[in-house]
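Commentary on secondary and tertiary structure
One-letter residues, chain by chain:
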Amino acid sequence: MEYEITLDDILKQDGGQQYLESVYPDIYKCFQNPNHKISIRDDDSTASAGVFKHKEKGWWMLKDFGGGGDNKAKTALQVCMDVNGLSYGAAFKVLAEFYGISIKYTQASATYNHRPARSDEQPKQVTITKYKEFTKAEILTILSPKAWEGIEFGGMNNKDDDKIRFDLAMQLFKYYHIKSVETYEQVSEDGKKVNIFSSNPEFPIFAFDEGDFQKIYKPKDEKQYRFLYAGKKPENFIHGLAQHKQFISGNVKQNEEAYNAAVESGQKVVKDKLEEKFREIILCSGGSDALNVAALGYKVIWLNSETAKIDKEQFKSINSICTNFYNLPDIDMTGKESAKSLAFCYLDIRTIWLPATLAQQTDIRGNACKDVRDFLKNNDKKAFKKLVETALPFKFWDEQPAYDKEGNRKIKFGRPQMTYELNHVCTYNFLQMNGFYRYPTDKTKEGYVFIKIDGNKVTKVDSNIIKNFIHNFLKERQLPEDLRNMMYRSPQLSETSLSNLEDFEPNFKHFGRDFQYIFFDNKIWKVTGDAIEVVKTPDVYVWDFKIIKIETTDKNNRLVVHKPKILEDMFKISGNMKEGWDIEMQETNSDFVKFLTNTCRIHWRTELEERMNFWQLTEKQRNEYKVTHDLSEEQVKKLMSFQSKEKQDKYNEQYQFRLDGSLLTAEEIKEQKLAFINRIFSIGYMLHRYKDLAKPWALFLMDYRISEEGASNGRAGKGILAKAFYKMLWHTWKDGRKQDMFDYEHIWEPIEKWVTDLIHIEDWGEFQPFPRLYGPLTSSLIANPKGKTMITYKYEEYGKFLIDTNFSDRYMDGSSKGRKLHGVFSDYYHEDLEYYGEVRTPLTELKRRIFDDWDGEQWNLFYNFMAQCLKFYLSVAQSDVKIDPPFSNIQKRNSLALMGENFRQWADNYFAGKLNDLVGRTDAYEDCRNAINAKQFTPQGFWKKIQAWAEFNEYKFNPEHVSGWKKESEHAKYGTIKKMIPNPNQEGKYTQKEFIWIEGKEIDESDIPV
């Protein structure tokens, strides 16, 4: 894989100045003054870092003159590598993205040719036709830098001479049967053509030649095509083992010959025998890793595939030629599980663990580093040797035969006695390899809880579970009862002793900017903007209580477990922010989709009451309705046709769960669809656990129906949507009816880092102060647990906010709107018989309770729909998209809340007959104060209320075409109208007066006074 751009292409813009300023904001002073210095280290009290330009390249170089051994001048790329812990390739991509440069990759490939197949060649047959000599570049493709620098073989090494290194590499590769391939051939599936692949400098090809078969290795190919077999692949082959056995067998034979020769000649037995056992053999995860470890002087073996296992005979064979048998796994999830499985079978195997910090680095492909090749890029032989020396076995006790004072074997209860002693270091290693750790938390007085990790599942446990795990392990393996008794008696398994387990903080980020994992009990879905797919276990963790289990009961009340199945899309959304959005719904039997559809039928009364009952109006009323709604004669004729109950029932059945009823206008259908698209967008936003500082929204759910100030509606379905989120997000709940909720100092106590996905404030009160949420929505959240120190959670460590209210939204200023994603619910579902003619609920429509009465099919439909909402959101999340619901009624409700009912009644009366005319602002203000007896009523408050009244009635407030109009500032929503009028107190003098103009209908501009 090669980049089509160079570092010169990236840094030619400014030499890296902008990037350096983004990392160290104060460094801008250094660019202004080359002699200026800043501090870039916490321990730098004298400001030792500055910049200069590279003489040849012209790049900016950062040099920390007080940085000790690491004070070399660095480019922006090297700074990016250091501060982010990235490899060269990963940092290259980050820097390119910073400068807005799109990186294109050129995938290296083999040189290709083909020929017709011969009759004796079988379909898919693979044959290596020609090998070639190794080049140094090919060797460095296999060996990491530190392995090449420290290479040794047969006791020979040279750190400075590349020629000797090359010769040693050739000896090493010959021993382990790896060759450089010039050409191999593969017969096509239909057997008609032979594809010929040749290596080239950009695409090396290697093969492990084991005689009867060859394993072809293409390191530059895509992962799924990297390995290929020629010949007959054995089921359970161990690479390297035959060579080692042959080597030891040769040594044994020579030792025997030397011994026999010495005996026959009457000489002394030779003391300096050849080794008959290796000091160690290391099992590696693959051939490439194995060769790197072998280059450090160790004997290595590796299995033929990821699924292969070492059987008892092979284990016995390996142990016969070595003193210590080690396993060196990768440190990804798969590697850890494989290592545990092997250690469980063979307790004496010592496991070499690469440092956990390695996984925090990335390779050139952007993947987390995981293997010894990655380790040897920056760590030498000495560092690896330390890992070998500290490797521990699974066996966690020491044992030896027990003897009496006379040296006789002790016998007790009829059996020979053993002395057993618990090995503390090995015990903690055993427990940790089985997933037991301490998890740091501020929620307990100890500062931690015990956890158990199984695969990627994390469970909180107590000390008794840990002790019982050890006892059950010994019992299941049928180990001696004296050993088990010793464990039961041991005080070293107390909670105090177990507190010596290592701390481990699992990576719970099962999400990213453009993806999200959904964990089911038996499957994992990965959702992106392009697809929903089942994936293997990723290298992230999830709390056990967050894993979704789909369980129902059958007719006999027996538990039934269901597996989720990915279904076809239930909807297709098209459009954009500029041209608008549209949705095409697919037929679905999903109760939840039907329910959500009806919560978005914001014009249901117009459809099912006004127009379906149009025929019941008087002729005068019909004519007025026709004019008001601009209906054609054909539309009137259609409305009049609904006089039969049969036709009404047929319409209700056809459009019961649809947004595009034929009695609606195109604009009304468009608004209902927008409400549903907003619902899909909102669900996807909430399910995406990634938090974008550019989208710090609380989902704010409210009713679409306009009601009097202070009146609440409710029962529209907001609570059901909240419970839908509960099924997928771990939540904490707050009662929004408590007006003083934000004054309670422990309000955020239940929130837990990387646990809480959703903070739900239900029944948000009419006068709750939304600005109190500004901090948690945009920066951090401070929790104050009872009796403990306050905890500050970072922005990404806690979830998103869901607020539902039965009142209007009183906070529609810019700061508040920027922190909200609104959602509206129609009053299609209702239970208020004083306002409606019937009770309509999801139960009356669906004939079963949502969630409680569902079978496996409904649950599968539900999780598919939610995942599809997430998929849609992710498809637009990387762009500047915010899909709001239809705002007309929301704005009316908010205007009503802002002005208040008393003011509304005053304005209705005062401006009757005063529309489209100049009204003195002070005159109106004083009249209002007197009329509603509001002594604390300020001119600024009056100004906001009169604007809200105009907006509520869809009037134009202070239109620009009125003479004397002027905008006081560019941020002002409306202009002011000021005119010079005769001063009533001074004849011949003029004074300035401010007016209000409220335009209630289209008027001729010639009627406007100058």
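Use the structure listed above.
Residues numbered from 1 in each chain as written. Predicted model: local features only at pLDDT ≥ 70, side-chain atom pairs only at ≥ 80, totals over all residues. Heavy atoms only, no water.

**Things to note about the overall build of the protein chain**
- In terms of helices and strands, the protein chain carries 33 helices and 47 strands.
- Computed over its C-alpha atoms, the radius of gyration of the protein chain comes to 38 Å, more than 25% above the 30 Å expected for a compact globule of 1010 residues.
- Overall, the C-alpha framework of the protein chain stretches about 145 × 80 × 75 Å when taken along its three principal axes.
- Buried residues in the protein chain amount to 48% of all 1010 residues.
- The long-range share in the protein chain, meaning contacts at least 24 apart out of those at least 6 apart in sequence, stands at 67%.
- Carbon and sulfur atoms provide 47% of the accessible area of the protein chain, an area that totals close to 52800 Å². (Helix = DSSP H or I, 4+ residues; strand = E, 2+ residues; numbered from the N terminus. Rg over C-alpha atoms; globule rule 2.2 N^0.38 Å. Buried < 20%, exposed > 50% of the residue type's maximum accessible area, 1.4 Å probe, protein only. Contact = heavy atoms within 4.5 Å. Areas by Shrake-Rupley, 256 points an atom, 1.4 Å probe, with all protein chains shown as cover.)

**A few points about the side chain of Q858**
- Assignment of secondary structure puts Q858 in helix 29 (residues 856-876).
- Apart from the residues lying within four places of it in its own chain, the contact partners of Q858 are N589, S590, D591 and R848.

**Focus on the nonpolar core**
- By size, the foremost hydrophobic cluster in this structure holds 76 residues, and its most contacted members are F592, F725, F865 and M866.
- When residues in this core are grouped by element, the largest group, 13 residues, is from helix 29.
- Contacts of F725, omitting those with residues within four sequence positions, involve I683, M686, L687, L699, L758, L802 and M866.
- Core analysis: the second largest hydrophobic core is formed by 43 residues, A147, W302, V372 and L376 among them. (Core = buried A, V, L, I, M, F, W, Y, C linked by side-chain atoms within 4.5 Å.)

**Re the pattern of salt bridges**
- Under the definition given, this model contains 48 salt bridges.
- In this structure, K132 engages E138 in a salt bridge whose closest nitrogen and oxygen atoms are separated by 2.9 Å.
- Between D757 and R689 there is a salt bridge; the shortest N-O distance is 3.3 Å. In this pair, D757 sits in the loop between strand 37 (731-735) and strand 38 (758-762) while R689 sits in the loop between helix 24 (666-687) and strand 36 (698-703), placing the two residues 68 residues apart along the sequence. This pair shows no difference in class: D757 is buried, exactly as R689 is. (Salt bridge = Lys/Arg side-chain N within 4 Å of Asp/Glu carboxyl O.)

**Some details on the pairing of strand 17 (residues 322-328)**
- Among the seven residues that make up strand 17, five are buried, leaving the element largely enclosed by the rest of the structure.
- In this sheet, strand 18 (residues 350-351) lies alongside strand 17 in parallel orientation, the contact comprising two bridges. Across the sheet, residue N327 finds its bridge partner in strand 18, namely T351.
- Crossover handedness for the path strand 17 to helix 12 (residues 333-345) to strand 18: right-handed. (Pairing = 2+ DSSP bridges. Right-handed = clockwise from strand over helix to strand, strands pointing away.)

**Observations concerning the packing of helix 16 (residues 463-476) against helix 17 (residues 481-489)**
- Where helix 16 contacts helix 17, the two axes come as close as 10 Å, and the packing angle between them is 175°. If you check the angle between helix 16 and helix 17, you find them roughly antiparallel. Of helix 17, the residues touching helix 16 (which contributes H471, L474 and K475) are L483, R484, M487 and Y488.
- Grouping the constituent residues of the contact of helix 16 with helix 17 by class yields four nonpolar, one polar and two charged. (Axes fitted to C-alpha atoms, helices over the stretch in contact; angles between N-to-C directions. Parallel < 35°, antiparallel > 145°, perpendicular 65-115°, else oblique. Nonpolar A, V, L, I, M, F, W, Y, C, P; charged D, E, K, R; others polar.)

**Observations concerning the environment of D8**
- Tracing the sequence through the fold places D8 in helix 1 (residues 7-11).
- Assessed through its relative accessible area of 33%, D8 is described here as partly exposed.
- Residues in contact with D8, not counting those within four places in the same chain, are K57 and W59.

**Details of the state of the cysteines**
- This model, assessed by the stated rule, comprises zero disulfides.
- No disulfide involves C600; its nearest neighbouring cysteine sulfur is the one of C869, lying 11 Å away. (Disulfide = S-S within 2.5 Å.)

**Digging into the side chain of T427**
- Within the secondary structure, T427 is located in helix 15 (residues 424-433).
- Judged by its relative accessible area of 2%, T427 is buried.
- Looking at T427, its side chain comes within polar contact range of the main-chain oxygen of F396, at 3.4 Å.
- For T427, the contacting residues outside a window of four places in its chain are F396, L422, I470 and L493. (Polar contact = N/O pair within 3.5 Å; in protein donor to acceptor, adjacent residues only side chain to side chain.)

**Observations regarding unusual backbone geometry**
- Phi is positive for F413, which is not a glycine, with a value near 55°.
- For F413, the position within the fold is in the loop between strand 21 (411-412) and strand 22 (415-416).
- Under the relative-accessibility criterion, F413 is labelled exposed at 68%.
- For E954, which is not glycine, the phi dihedral falls at a positive 60°.
- For E954, the location among the structural elements is in the loop between helix 33 (939-952) and strand 44 (956-957).
- On the basis of relative accessibility, which here comes to 62%, the residue E954 falls in the exposed class.

**Looking at the sheet that holds strand 36**
- Here five strands make up an open sheet; going across it, the order is 37-38-41-36-42 and the pairing parallel. On the outer flanks of this sheet lie strand 37 and strand 42 (820-825), each paired with one strand and no other. Recorded for the sheet is a direction-independent mean angle of 20° between the axes of neighbouring strands.
- Across six bridges, strand 36 lies against strand 42 in parallel orientation. Bridge pairing in strand 42 places L699 opposite L821.
- Together, strand 36, strand 38, strand 41 (800-804) and strand 42 form the strand contacts of helix 24, whose direction differs from that of strand 42 by roughly 135°.
- Helix 25 (residues 718-726) contacts strand 36, strand 37, strand 38, strand 41 and strand 42 of the sheet and is inclined by roughly 155° relative to strand 36.

**Observations concerning empty space enclosed by the protein**
- One pass over the full model with this rule turns up four cavities of 30 Å³ or more.
- In this structure, the second largest cavity occupies an estimated 50 Å³ of space.
- Together, Y685, K691, P696, W697, P776, L777, Y795, G799, K800 and F801 line the second largest cavity.
- Tallied by class, residues from the lining of the second largest cavity come to seven nonpolar, one polar and two charged. (1 Å grid on protein atoms, 1.4 Å probe; cavity = no way out; pocket = protein on both sides within 12 Å on 5 of 7 lines; lining within 4 Å. Points joined across faces, edges and corners; volume = space filled by probe spheres on them.)

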